[in-house]
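Chain and residue survey
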Amino acid sequence: IAIGIIYCVLIFCHNQFFYSSPLGFSLSKILCYLLIVGGFFYSGYTIRKKSGGYISFKDCLGSLLIVIVITELFYVIFSTIYIKYIDPTFIEKLKSSWHSYYISHNIPQDKTDNTIDNFKEARKITIGTLVQSFGFGVIIDAIFGVIISAVLKKIKPELENQIS
C-alpha cells in the first residue's frame, strides 16, 4: 500500500510540475517509474529478510505480484481521479505543451497532427480503457517482478544440498 501511495504522490508532482515540457515530462515519468521499481525491489528484499534471509523464486514472485496489483490499482484509480476531478484541464495543458514543443522543434506536421489526435483519445476514460491500462501496467510490472525475484531468491543451504 505504501508503494501505491508513493506512486500517487509522484504522479501528482509529475503532472503538476512537468507537464509544460515534453522532455521534462518524459524524463520525470521514467524517473518516477524507476523509483516504483526500486520500491518493488525493496518490498521483495523486506519479504526475504522477514523469511529469515531466504526465499524461493516462487514465494518472492507471488508476494511481489500482490504488491504490483495493489500498486497498479492505486495508479489507475488516482490517475482517473486526477484527470476527472483534481485537474480536468490537464490533458488540454499537456496537449498544448506538446504542440508548442513540436512546432518549435520543426517536427513534421503529420507527426504533430498524429500526436495531437492521441490526446483526444486520452480524454476518453471508460471501463475498458481503465482495465486495459491496469492490465498493461500489471504485465510490465510483472516482468520486473520476475527479474527482481530471480535476483532476490536465496535457497537455504540445507535445501540446496537436497536439490543437488
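Now for a quick tour of the structure. (Residues numbered from 1 in each chain as written. Predicted model: local features only at pLDDT ≥ 70, side-chain atom pairs only at ≥ 80, totals over all residues. Heavy atoms only, no water.)

Summing up its helical and strand segments, the protein chain has 7 helices and 0 strands in all. Going from the N terminus to the C terminus, the protein chain shows its helices and strands as α-α-α-α-α-α-α. For the protein chain, the C-alpha radius of gyration of 20 Å lies well beyond 15 Å, the compact-globule estimate for 164 residues. In terms of overall dimensions, the protein chain has a C-alpha envelope of 65 × 30 × 25 Å along the principal axes. Buried positions account for 32% of the 164 residues belonging to the protein chain. For the protein chain, long-range pairs separated by at least 24 residues make up 78% of all intrachain contacts whose partners lie at least 6 apart in sequence. Working note: accessible area of the protein chain is about 10200 Å², and carbon and sulfur atoms make up 68% of it. Within the protein chain, one finds 15 positive and 11 negative side-chain charges whose respective centroids are separated by 6 Å. (Helix = DSSP H or I, 4+ residues; strand = E, 2+ residues; numbered from the N terminus. Rg over C-alpha atoms; globule rule 2.2 N^0.38 Å. Buried < 20%, exposed > 50% of the residue type's maximum accessible area, 1.4 Å probe, protein only. Contact = heavy atoms within 4.5 Å. Areas by Shrake-Rupley, 256 points an atom, 1.4 Å probe, with all protein chains shown as cover. Lys, Arg positive; Asp, Glu negative; His and termini not counted. Charge placed at Lys NZ, Arg CZ, Asp CG, Glu CD.)

Turning next to the pattern of salt bridges. All told, the structure shown has 2 salt bridges when counted by the stated rule. For Lys-93, the salt bridge is made with Asp-87, and the minimal N-O distance between the two is 2.8 Å. Judged by relative accessible area, which is 27%, Lys-93 ranks as partly exposed. Under the relative-accessibility criterion, Asp-87 is labelled buried at 9%. One salt bridge connects Glu-92 with Lys-95, and the closest N-O pair in it is separated by 3.3 Å. You can see Glu-92 and its partner Lys-95 sitting in helix H4 (residues 90-104), 3 residues apart, about one turn around the helix. (Salt bridge = Lys/Arg side-chain N within 4 Å of Asp/Glu carboxyl O.)

Turning next to the side chain of Asp-141. Here Asp-141 shows up in helix H6 (residues 127-152). No salt bridge forms around the buried Asp-141; measuring N to O, its nearest opposite-charge neighbour Lys-29 is 12 Å away. Engagement of the side chain of Asp-141 in a polar contact is seen with the side chain of Tyr-33, the distance being 2.3 Å. Look past the residues within four positions of Asp-141 in its chain and what remains in contact with it is Tyr-33, Phe-40, Ile-68 and Glu-72. (Polar contact = N/O pair within 3.5 Å; in protein donor to acceptor, adjacent residues only side chain to side chain.)

A separate point is the packing of helix H2 (residues 22-50) against H4. Look at H2 against H4: their axes get within 9 Å of each other, and the N-to-C directions meet at 120 degrees. Taken together, the axis directions place H2 and H4 in an arrangement best described as oblique. In contact with Pro-22, Phe-25 and Ser-26 of H2, H4 contributes Phe-90, Leu-94, Ser-97, Trp-98 and Tyr-101. Per-class residue counts for the contact of H2 with H4 are 6 nonpolar, 2 polar and no charged. (Axes fitted to C-alpha atoms, helices over the stretch in contact; angles between N-to-C directions. Parallel < 35°, antiparallel > 145°, perpendicular 65-115°, else oblique. Nonpolar A, V, L, I, M, F, W, Y, C, P; charged D, E, K, R; others polar.)

Once that is clear, we can look at the packing of helix H3 (residues 57-86) against H6. At their nearest, the axes of H3 and H6 sit 8 Å apart, and the two run at 150 degrees to each other. Relative to H6, H3 is oriented roughly antiparallel. Helix-helix and strand crossings are classified by hand; for H3 and H6 the assignment is right-handed. In terms of residue class, the contact of H3 with H6 is made up of 18 nonpolar, 5 polar and 2 charged. (Left-handed = near helix turned anticlockwise from the far one by under 90°.)

Quick look at helix H1 (residues 2-17) now. When the terminal C-alpha atoms of H1 are compared, their 22 Å separation across 16 residues agrees well with the 22 Å that a helix rising 1.5 Å per residue should span. If you check which residues of H1 are buried, you get Ile-3, Gly-4, Tyr-7, Cys-8, Leu-10, Ile-11, His-14 and Asn-15. Taken down its axis, H1 places every buried residue within 165 degrees of arc, on the same side. Along H1, the residues that are exposed and aim more than 90 degrees away from the buried face are Ala-2 and Phe-17. Buried residues along H1 sit against H2, H3 and H4. (Expected span 1.5 Å × (residues − 1). Arc of directions from axis to C-beta.)

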